[in-house]
Amino acid sequence: MRSGILAIILIAVAVLGYMSIFIVNPTQQALVLQLGRIVEEPKTTPGFYFKYPFIQNVVYMDKRVLNLNMPPLEPISSDKKRLIVDAFARYTISDPVLFYQRVANVQTANRRLSTLLQSSLRSEIGRTSFAALVRDDRSGVMENIRRDINANAEELGIEVIDVKIRRADLPDANSQAIYARMQTERQQEATEIRAQGEEAARRIRSRADRDATVLVAEAKRDSEIKRGEGDAERNQIFAEAFGADPEFFAFYRSMQAYEAGLRSGDTSLVLSPDSSFFRFFKDPMGVLPSAKNDNDSQGVSDRSPSLAAQ
């Protein structure tokens, strides 16, 4: 009988001891509640702690970094582009007491934070252009959103440590329209560049043609000047030669005419045998028969008076 009572007492003591001890892990922080009220400071250091059984209970909260995922949003940027934005946040419970009093658990905290994040995203993207969001100042936009959420999350005992935008794209219909417009702009730019190239090519060809025409004209001018000077010198030489020996000059010119006119070929000449062209064929001195007859008759007439006188 006594052993049974002792066993019951030991069991009761063990149960009371078990119910009086709670353990806080390194990844947890705990609040001790008595009839729903917080009666002690938060337990944030890992270890064993005591509480009053039956009248006190322990609420555990995560000490690690928590993730907040939200569905994609469709905000409008400052340049009036409709976007599809997929973002998430990371936060920690910075004040367990305030966290328990305002939201009590992580599920409720996620709903409140999701509302804050959506509102901050829409507000910040509404002040930001599409180019700045996706290229120029993406990190700055995310930092602004984080600060804006933290200003409201502090009232919930939460500290937002990071906000990330996974994706910020245009809707498919807008993307196709933008791609088509970009393609048109590139085609217009290519056409303009080709037109500029053609204009430059025509300008270069025109300049080259002009320079070639000028060079040819100058060459012809110089050649004509040289030819004229040569002809003048030749004529001067011919004139001097003619003045020095007119009979030889006439003979030389006739020989040149024979050489040019009597070449083998299909050329035919129809001339009278008495033509002056053949005078050097009949007389080495180039005297025509008619001229001889005149000279002979002149000689006879010159002699006639003397005969008559005799």
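Draft legend 1. Representation of the overall build of the protein chain. From N to C terminus, the protein chain includes nine helices and eight strands. Here the protein chain holds 310 residues, and 24% of them are scored as buried. Considering only contacts within the protein chain whose residues lie at least 6 apart along the sequence, 64% involve residues at least 24 apart. Surface accessibility of the protein chain: about 21,300 Å² in total, with carbon and sulfur atoms responsible for 55%.

Draft legend 2. Broad picture of unusual backbone geometry. Notably, leucine 35 is not glycine yet its phi reads approximately 55°, a positive angle. Within the fold, leucine 35 resides in the loop between strand E2 (28-34) and strand E3 (37-38). For alanine 104, which is not glycine, the phi dihedral falls at a positive 75°. Relative to the helices and strands, alanine 104 is located in the loop between helix H2 (96-102) and helix H3 (106-126).

Draft legend 3. Examining the sheet that holds E2 more closely. Spatial strand order, E3-E2-E5: three strands in an open sheet with antiparallel pairing. What marks the edges here is a single partner per strand, and that holds for E3 and strand E5 (56-62).

Rules used in this analysis
- Residues numbered from 1 in each chain as written.
- Predicted model: local features only at pLDDT ≥ 70, side-chain atom pairs only at ≥ 80, totals over all residues.
- Heavy atoms only, no water.
- Helix = DSSP H or I, 4+ residues; strand = E, 2+ residues; numbered from the N terminus.
- Buried < 20%, exposed > 50% of the residue type's maximum accessible area, 1.4 Å probe, protein only.
- Contact = heavy atoms within 4.5 Å.
- Areas by Shrake-Rupley, 256 points an atom, 1.4 Å probe, with all protein chains shown as cover.
- Pairing = 2+ DSSP bridges.

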